[in-house]
Amino acid sequence: MDRRNIVLIGFMGVGKGALARELVRCDGSLYALDTDDMIESMTNTRIKKIFATAGEAAFRALERKTADWLAKSVTNAVISTGGGFYMVDNLKAIGTVVYLRADFDWILDRILNAPNAKKKLKKRPLFQDVEKARRLFLERYHRYEEVADVIVDVDRSDTRSIAQEVLGTVAQQ
Ligand code: S3P
């Protein structure tokens, strides 16, 4: 039987990709997709370069195209999304929307303490200036809460426990 997808939303650096991989380890019937990776393969261009050459509006159009394809064609997946993907109109048509919530300073610490921190920052055009990123976070966090079916606080426990919490909660939806 087809199962609804799990769509992970949240701010840059909160750990959507890492949680998607953990969810797949916990539930072998799911597979992981990432919207930024899909856009990079579709265009054969890095996100950073899309922003620099075509601009943010063009990137958002690619996100909408990706959302349409996911809503029509994908089941049984856990989908990690870019931090602005929540803006597509048909988010809930893709699957159960799970917001990974944490405050900005926790996210900043997570990025700065990653072994590849420089690379993580460099590939994110909207995280080049910390104070601008903080303002973007403040503009967005209510919106993430509004569009989510499920909210999970990720700053309180380890990835394995969060994955189990997500699977348990999504199963009840
Ligand atoms: C963006 C987040 C990025 C990427 C792009 C724009 C955003 O993904 O999609 O740089 O608008 O928040 P991550 O959330 O994986 O960093």
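Residues numbered from 1 in each chain as written. Predicted model: local features only at pLDDT ≥ 70, side-chain atom pairs only at ≥ 80, totals over all residues. Heavy atoms only, no water.

Colleague: Looking at this structure, how should I read the side chain of Asp 27?
Modeller: Mapped onto the secondary structure, Asp 27 falls in the loop between helix 1 (16–26) and strand 2 (31–34). Here the side chain of Asp 27 touches Ser 29 through a polar contact of 2.6 Å, side chain to side chain. Excluding anything up to four places from it in sequence, Asp 27 contacts Arg 3 and Leu 167. (Helix = DSSP H or I, 4+ residues; strand = E, 2+ residues; numbered from the N terminus. Polar contact = N/O pair within 3.5 Å; in protein donor to acceptor, adjacent residues only side chain to side chain. Contact = heavy atoms within 4.5 Å.)

Colleague: Can you help me understand the packing of helix 2 (residues 35–43) against helix 4 (residues 56–73) in this one?
Modeller: To characterise two packed helices, one gives the angle between the axes of the helices and the distance between these axes. The contact between helix 2 and helix 4 brings their axes to 10 Å, and the two run at 105°. By the angle class used here, helix 2 and helix 4 are roughly perpendicular. Along the contact surface, helix 2 presents Thr 35, Asp 36, Met 38, Ile 39, Met 42 and Thr 43, while helix 4 presents Phe 59, Leu 62, Glu 63, Lys 65, Thr 66, Trp 69 and Leu 70. The residue makeup of the contact of helix 2 with helix 4, split by class, is 7 nonpolar, 3 polar and 3 charged. (Axes fitted to C-alpha atoms, helices over the stretch in contact; angles between N-to-C directions. Parallel < 35°, antiparallel > 145°, perpendicular 65-115°, else oblique. Nonpolar A, V, L, I, M, F, W, Y, C, P; charged D, E, K, R; others polar.)

Colleague: For this particular structure, what's the right way to read the packing of aromatic side chains?
Modeller: Counted according to the given criterion, the structure contains 9 aromatic pairs. Look at Phe 11 and Phe 104: their rings are 6.1 Å apart centre to centre, the planes differ by 65°, and that puts the pair in the edge-to-face class. With a gap of 93 residues between them, Phe 11 in the loop between strand 1 (5–9) and helix 1 and Phe 104 in helix 6 (residues 104–112) connect regions that are remote in the sequence. As far as the burial class goes, Phe 11 and Phe 104 line up, both buried. Judged by centre distance (5.7 Å) and plane angle (15°), the ring pair of Phe 137 and Tyr 141 falls under stacked. (Phe/Tyr/Trp six-rings, centres within 6.5 Å; stacked < 30°, edge-to-face > 60°. Buried < 20%, exposed > 50% of the residue type's maximum accessible area, 1.4 Å probe, protein only.)

Colleague: Is there a simple way to explain the sheet that holds strand 1 in this structure?
Modeller: Pairing is parallel across the open sheet formed by 5 strands, whose spatial order is 2-3-1-4-5. Because the sheet does not close on itself, it has two edges, and the strands there are strand 2 and strand 5 (150–153). Strand-to-strand, the axes of this sheet are offset by a mean angle of 25°, without reference to chain direction. Both strand 1 and strand 3 (residues 77–80) contribute to a ladder of 3 bridges, which runs parallel. (Pairing = 2+ DSSP bridges.)

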